[in-house]
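This is what each chain is made of:
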Amino acid sequence: MNGSKSPGLAGFGVLKNTTCHTEKKISVFFSIIFMTVGILSNSLAIVILMKAYQRFRQKSKASFLLLASGLVVTDLFGHLINGAIAVFVYASDKDWIRFNQSNILCSVFGICMVFFGLCPLFLGSVMAVERCIGVTKPIFHSTKMTSRHVKMMLTMVCLFAVLIALLPILRFRAYQIQASRTWCFYKTEHVEDWEDRFYLLLFSCLGFLALAISFLCNAVTGITLLRVKFKSQQRQGRSHHFEMIIQLLAIMCVSCICWSPFLVTMARIGINEGRSKETCETILFALRMATWNQILDPWVYILLRKAVLKNLYKITSGCCGVHVINLHMWELSSIKNSLKVAAISESPGSSKHMNLQPLSSMGQ
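These numbers were taken from a predicted model, which means no experiment stands behind them. (Residues numbered from 1 in each chain as written. Predicted model: local features only at pLDDT ≥ 70, side-chain atom pairs only at ≥ 80, totals over all residues. Heavy atoms only, no water.)

1. Concerning the side chain of D75
Thinking step 1. With respect to the helices and strands, the residue D75 is situated in helix α2 (residues 61–91).
Thinking step 2. If near-sequence neighbours (up to four positions away) are discounted, D75 is found in contact with N42, P120, Q294 and D297. (Helix = DSSP H or I, 4+ residues; strand = E, 2+ residues; numbered from the N terminus. Contact = heavy atoms within 4.5 Å.)

Dropping the structure here:
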């Protein structure tokens, strides 16, 4: 597919070059552990999110839960598909020439690596944007951000990630078997063609862009909530916003820590035309760091829930010898309040009412 190479041998060029040798038993152990823990963690998170969605499906939190469920489902399938292929490769003693004559498995592996890498980052940024709109524009959010719109957003994000993953195939560029012979990705060795560099830089730039959007939107959301907290004594309906922003901040921190090494490594390879000093072991370490993102994501929803946070607060306060204050009820006002505010704002003489309670719909 690439130049004069035949399609069947397009992914095997790296096998003729210097390869890095990894301990088979340790590598198989890591792959099985990562896949098992990831599947169990994401499955548990899906159950928790689905139950929460059934409870709040008519409220503003439903859109956040729907996006979070899409993120966790993506992580689950990422562990299931990529993990299964990796274990098969190890079980076959990494003999790609024997089981990948037509380069189909390597292409599927590469497509899945790109898709399940970018899609969670995109979904994290979309969740941050959704929460930012929900806090800063509550009336617009409650009337326009319906479940149908959220599902359309999920579909568009997935289709965009699929397009990026299929781009090399559409351009007749084969995914390459990497130096460790355990996974497939864009060409990372002896990168000379501008198009090979473009794919590496595109992947890195999109990943960093998603992280930047998440950081910006979460910062705006957090600042808005803090301003409301200090300016108003009204607490009703605001606790679930703080719960979700804590979860978003945790997702953003986990994504930055786990993905930054891999994104930086791919960007350096693309900029330096494959002549960077990144070794096979460095790339594998960065890849395993990125894999941890899909393991830690579901635990954000498992651990950072309101019930768990309240118990942790009580335990911490008790251990520190501080009197535990009575936390206000974690009340979630329904969407009707936002609709009432919208109706009042459209009626004559509503400006006085809105001036008295400018943030009355913040709970939505």
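2. Describing the state of the cysteines
Each disulfide consists of a covalent bond between the sulfur atoms of two cysteine residues.
Thinking step 1. Overall, the coordinates contain one disulfide when judged by the stated rule.
Thinking step 2. Each disulfide pairs two cysteine sulfurs, and for C106 the partner residue is C184, the sulfurs being separated by 2.3 Å. Linking C106 and C184, the disulfide has an S-S dihedral of approximately -125° and is accordingly described as left-handed. A residue pair is termed long-range when its members are at least 10 positions apart, and C106 in helix α4 (residues 104–136) and C184 in strand β2 (residues 184–185) qualify at 78 residues. Each member of the pair C106 and C184 is classed as buried.
Thinking step 3. The closest cysteine sulfur to the non-disulfide-bonded C258 is located on C256, 9.6 Å from its own sulfur.
Thinking step 4. Residue class for C258 comes out buried when judged on its relative accessible area of 5%. (Disulfide = S-S within 2.5 Å. Buried < 20%, exposed > 50% of the residue type's maximum accessible area, 1.4 Å probe, protein only.)

3. Thoughts on the environment of L49
Thinking step 1. Along the chain, L49 falls in helix α1 (residues 24–56).
Thinking step 2. Residues L49 and Y301, 252 residues apart in the sequence, show an inter-C-alpha distance of 7.7 Å.
Thinking step 3. Each residue touching L49, except ones within four places of it in the same chain, is listed here: L65, A68, S69, V72 and Y301.

4. As for the nonpolar core
Thinking step 1. Core analysis: the largest hydrophobic core is formed by 77 residues, its most contacted members being V114, M127, W183, F185, Y186, F203 and F262.
Thinking step 2. For this core, the element with the most residues is α4, which contributes 15 residues.
Thinking step 3. Look past the residues within four positions of Y186 in its chain and what remains in contact with it is V114, I164, P168, Y175, Q178, Y199, L200 and F203. (Core = buried A, V, L, I, M, F, W, Y, C linked by side-chain atoms within 4.5 Å.)

5. Remarks on the packing of α4 against helix α6 (residues 147–170)
Thinking step 1. In contact at an axis separation of 8 Å, α4 and α6 are set at 145° when each is read in the N-to-C sense. As for the relative orientation of α4 and α6, their crossing is right-handed in sense. Contacts between α4 and α6 pair S107, I111, V114, F115, L118, C119, F122, L123 and V126 from the former with M153, L154, V157, C158, F160, A161, V162, I164, A165, L166 and I169 from the latter.
Thinking step 2. Residues of the contact of α4 with α6, tallied by class, amount to 19 nonpolar, one polar and no charged. (Axes fitted to C-alpha atoms, helices over the stretch in contact; angles between N-to-C directions. Left-handed = near helix turned anticlockwise from the far one by under 90°. Nonpolar A, V, L, I, M, F, W, Y, C, P; charged D, E, K, R; others polar.)

6. Thoughts on the UniProt feature "transmembrane region" (unreviewed entry) in the protein chain
Thinking step 1. With numbering aligned to this structure, UniProt lists the feature "transmembrane region" (unreviewed entry) at residues 26–50, 62–90, 102–129, 150–170, 198–226 and 246–271.
Thinking step 2. Secondary structure across residues 198–226 comprises 100% helix and 0% strand; the distance between its end C-alpha atoms is 41 Å. (UniProt positions renumbered as here; feature names shortened; annotations may be inferred.)

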